[in-house]
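Structural characterization, general
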Amino acid sequence: MSGVSQRLRHLTSTQTSTHTHSLASLCDNGVMVYMSYLSKTELQVFKKLLMEKKLLPHSLGITWQQLNRANWAEMVHLLVESLPGELAWNVAHEILQTMNQRKICSLLQKELADLPAVVSVDSHLRKTPLSLTKEECDKIREYKQRVIEKSLPLWDNTVWPGNQADFLYLNVRNHEAILPYLFLPRSPQRKQPKVVVIHGIPGIGKTTLAKKIMLMWAHNEFYAHKFKFAFYFHCRELNWVGERSFSELIEGQGLRSQALVSKILSRPDQLLLLLDGFEELTSSLITRPSVMVEDWNQKLPGAFLLSSLLSKTMLPEATLLILVRPISWRGVELLVNGPSHVILTGFSRTETLDYFRLYFRGKTTRNQVVDFAMRNTILLSMCRVPVVCWIVCHSLRKVMQKMVNLTTACPNATSVCVLYLATLFPTICKKLSGSNYQKQLEGVCRLAAQGVWDLKSVFDKTDFQHVKVDEATIDTFLQVNILRKLQNQGDRYMFALFIFQEFFGALFYILFFPQRIIYYHPLSQVNIQDLIAMSRARESCETQMGLFLFGLLNEACAEIVMRSFNCRIALGNKLKAISVITHLNDYGCYDCSQLFPCLTEIAEKSFVHSALENYKKVSLKIRSLKDLQLSAFCLRYCQGLEKVELTLSRAFQQELWPDSEDPSPGTQLRKDKIVLSWWQDICSVFETNKNLKVLTVTNSVLEALFIETVTTTLQKPQCKVQRLQHVSHTLHKDFFHVLSENQHLRQLGAEHTKLGEEAVKFLCIAPKSPWCLLQCVRLENCNITEASCKEIAFALKHSKMLTHLSLAENKLEDAGSRHIWDALEHLMCPLQRLVLRQCSLTSACCEYMMSSFKNNKSLRSLDLSFNRLMDDGVSLLCRALAEANCNLLVLELEKCWFTSASCHALESMLCRHRKLRYLDLSKNTIGIDGMLTLALAFFRQRRAEEVVL
């Protein structure tokens, strides 16, 4: 496989490096991003020249100490916010010219030229320095020191279960890279965003990032020139009973001076507020403007106060950084106006594997675990969340210590979570009495499931009492860190990790109860559909309860649960799940991006076969290695498939070959081998499935190795594909070999594809092959020009099978179309339908049709719509049809820019050419007179044709 690895590596050598989607969008929207091209040394030179030339307003009071620690993005912010209009760009250009940075200067000039005129901004507030006494400065220094102490360690010890000594904390590099861009001014307004919303699923690192920002701010390393004051608030601090003012909240952060707080709040332009923990809010936020207030000294209930801040009714000039879960955002977004959005993606694939290598020290063990993880993309995807990554490593290490095969011990990703929780349950079983244990476990599971359905993650004692969970059980689950008590919140609790709530919620639906008429809690059809929808990647959907449910339905995994949790399992919902999946197929749900994760997680051939055997059409949208593996596993069980739609996105290519190379060549080699085997499994379906007739490749970036595999499969005699549809940017020449070799292929479609002259030559060779049985070719919007029409015409002359040709939306022009008309003169050409819709034709092309109609007897349908034929062209066309004894039945002339002047020619043609059955004249200005002329012609001839006007 070394050759495979080298070929894959060669393909990626020319790829452009890109950041994550979130970071890329920030780069696209920011101004002066090219300043990031400066090295650290060059950036320091830029700062020194800025100070030496005294180009910043003196009133700002910017010191070298502030500049010295500023990164490139903070420098951009300082320039644009401090220097009105185009002055910021002019100052930057002057300094960069002095530094001889020609390339960056040219980019700067281009940006300034492309963007609208810059409006000067009133910066009165920023120019007024805030006067603080020595005592107040000392209080602020003390506050910063408390921030530093409070922010370390960066992760929250209360939510990390188990032995934390073996947890290896790593910064998430993607998250670190976001920081400079958060408050970078956006184009075209070129102002700092006043509200930035950081989205992220539970555990992904939102709070850790907030702590990192506060820590950097306290060290004067985060927008020191801008944010003189920064405060972090968790929503639990706003969830009090009674009323408090915002100034009291600030004072409670440790400043201990109402006068200092008043000074701080009087300068909101220098204030950064970080708001976190919206999932812990018990009361709904207020959306009525009438109940929001501007006065920061007014005492308010927490929801009113938070609503006033979010809506910018209070402190409109302050900068807000909101950290929120996707589902919690639904309750916030109505209040927030014009925010800038950032998505936290967690550990990348490379970072996850790096973590595995650090955790497992022995080379043999490390390689076994990494190989196991790479083959289980669902598990690897779950490891995007750092704490889950630790849980997985912790559990796999326990398995490896027992010298047990990983694949046997862990049949799916769910089983890894089971193995971790199994280490905690001996304590639970010991603490709870035997007769009461199952009832208490059921209550915890019920609470978790109801919370998922109700979008609720914070529970009080009343919630526990409702499901009959007693205090002893709560204390036991707290002791093993499955639950945690919220600080300063009375008797309010959360699952220590949201993944625990997801797991116990799924467990609720497979627990067995022998004393009941129904031995388990049944799921409705709607519930199962919702759980399947939940199983998709969690960027937009917050819970994996559906994925865990299907994982627990795996009999091997269920067996581990029974042994580990000392409970019995009922799989009654398993048959209901098959019924629902079959029902989804009946309703035409072809996008399998939600279904395939569930089926792969259950990982039982008989179940997957029963669920998919009647699927006739699937849409495979492969955005990641995970999608590739899931498709490879599930597709083989779709025995009744008739049509496959395949999309390989650019995001998939970027994950396949990330920017930062894997440090282990051996790992890269194993990954290449695994990826190729998955792709071969997918392609093998085109060969083994005898019902498969249609393959559509849409918006796909296919590299050479993937093309080689799929085209080799399509050329095999066992492949029964009759229609190949390709809608993408490029069409590789190897696809044309399929046309010559596959004796079942009847239709080829290529839309929105850039076909060069060489590609057209390869295409036109195929119809000359005795094995080519193509009948229909659509090459629409494929960049075909006059230069390629000669080749197409030559193929038409020699084709004995082609009956349908569409060249719509290609700029053939009259000269190019002439080659096509010449080919139609030959009696050998069997073409029945020709589509030249929107091909930049004029009236001149109609002159070339005369002899074609006289000699061609096969053409039945002609579409010339959206070409500027004008009255002269239509008249020539009508004359040719009137004089020729051709067999044309359908003529489409939609929007051909002719008028009523053409209607007499059309009338004459209709009288003489009696075979025409369909005529489309829509979107032409023939007027009432033209309509009457044609109507009278039809009345006189008593014709029954369909005419579209």
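See the structure shown above.
Residues numbered from 1 in each chain as written. Predicted model: local features only at pLDDT ≥ 70, side-chain atom pairs only at ≥ 80, totals over all residues. Heavy atoms only, no water.

**Structural notes on the packing of helix H26 (residues 498-507) against helix H28 (residues 545-552)**
Two elements in contact, H26 and H28, have axes separated by 8 Å at closest approach and are oriented at 50°. In terms of axis orientation, H26 runs oblique to H28. Judged by the twist between their axes, the crossing of H26 over H28 is right-handed. Contact with H26, carried on its side by Ile499, Glu502, Phe503, Gly505, Ala506 and Leu507, involves Met545, Phe548, Leu549 and Leu552 of H28 and no other residues of that element. Taken together, the residues that form the contact of H26 with H28 break down as eight nonpolar, one polar and one charged. (Axes fitted to C-alpha atoms, helices over the stretch in contact; angles between N-to-C directions. Helix = DSSP H or I, 4+ residues; strand = E, 2+ residues; numbered from the N terminus. Parallel < 35°, antiparallel > 145°, perpendicular 65-115°, else oblique. Left-handed = near helix turned anticlockwise from the far one by under 90°. Contact = heavy atoms within 4.5 Å. Nonpolar A, V, L, I, M, F, W, Y, C, P; charged D, E, K, R; others polar.)

**As for helix H9 (residues 134-151)**
With 18 residues, H9 should cover 26 Å at 1.5 Å per step; its first-to-last C-alpha distance of 26 Å lies within 8% of that length. Listing the buried residues of H9 in full gives Glu136, Lys139, Ile140, Tyr143, Lys144, Val147, Ile148 and Ser151. Buried positions along H9 lie against helix H11 (206-218), strand E2 (229-234), helix H12 (246-255) and helix H13 (258-265). (Expected span 1.5 Å × (residues − 1). Buried < 20%, exposed > 50% of the residue type's maximum accessible area, 1.4 Å probe, protein only.)

**A few points about the nonpolar core**
Among the nonpolar cores identified, the biggest contains 320 residues, and Phe246, Phe356, Ile482, Phe500, Phe504, Phe565 and Leu612 are the most heavily contacted of them. Examining the composition of this core, we find that 10 residues originate from one element, helix H19 (residues 386-401), more than from any other. (Core = buried A, V, L, I, M, F, W, Y, C linked by side-chain atoms within 4.5 Å.)

**A few points about the sheet that holds strand E5 (residues 340-343)**
In spatial order, the strands read E2-E3-E4-E1-E5; together these five strands make up an open sheet with parallel pairing. Each edge of the open sheet carries a strand with a single partner, namely E2 and E5. With strand direction ignored, the average angle separating the axes of adjacent strands in the sheet is 15°. As defined by bridge partners, strand E1 (residues 195-199) adjoins strand E4 (residues 319-324) across five bridges and the pair is classed as parallel. Within the sheet, the bridge partner assigned to Ile198 lies in E4 and is Leu323. (Pairing = 2+ DSSP bridges.)

**Concerning the pattern of salt bridges**
Following the criterion strictly, the structure yields 30 salt bridges and no others. A salt bridge links Arg375 to Asp371; its shortest N-O distance comes to 3.2 Å. A salt bridge links Glu471 to Lys461; its shortest N-O distance comes to 2.8 Å. With Glu471 in helix H25 (residues 471-479) and Lys461 in helix H24 (residues 461-466), this residue pair connects regions lying 10 residues apart in the sequence. Under the relative-accessibility criterion, Lys461 is labelled partly exposed at 23%. Because the salt bridges share partners, they merge into one network encompassing Lys461, Glu471, Lys485 and Asp491. (Salt bridge = Lys/Arg side-chain N within 4 Å of Asp/Glu carboxyl O.)

**Here we look at a nonpolar patch on the surface**
A grouping of Ile928, Met931, Leu932 and Leu949 is seen on the molecular surface, where their side chains present a nonpolar patch of about 390 Å² in accessible area. You can see Leu932 is positioned in helix H44 (residues 927-941). (Patch = residues over 30% accessible without salt bridge, like charges linked within 9 Å, V, L, I, M, F, W, Y side chains within 5 Å. Areas by Shrake-Rupley, 256 points an atom, 1.4 Å probe, with all protein chains shown as cover.)

**Describing the packing of aromatic side chains**
Across all of its chains, the model carries 31 aromatic pairs by this definition. The interplanar angle of 35° and the centroid separation of 5.1 Å between the aromatic rings of Tyr143 and Phe231 together place this pair among those described as tilted. Of the two residues, Tyr143 is situated in helix H9 and Phe231 in strand E2; the sequence distance between them amounts to 88 residues. Since its relative accessible area comes to 4%, Tyr143 is described here as buried. Among the residues examined, Phe231 registers a relative accessible area of 1% and is labelled buried. Judged by centre distance (5.5 Å) and plane angle (80°), the rings of Phe503 and Phe504 are edge-to-face. Each of the two residues, Phe503 as well as Phe504, counts as buried. (Phe/Tyr/Trp six-rings, centres within 6.5 Å; stacked < 30°, edge-to-face > 60°.)

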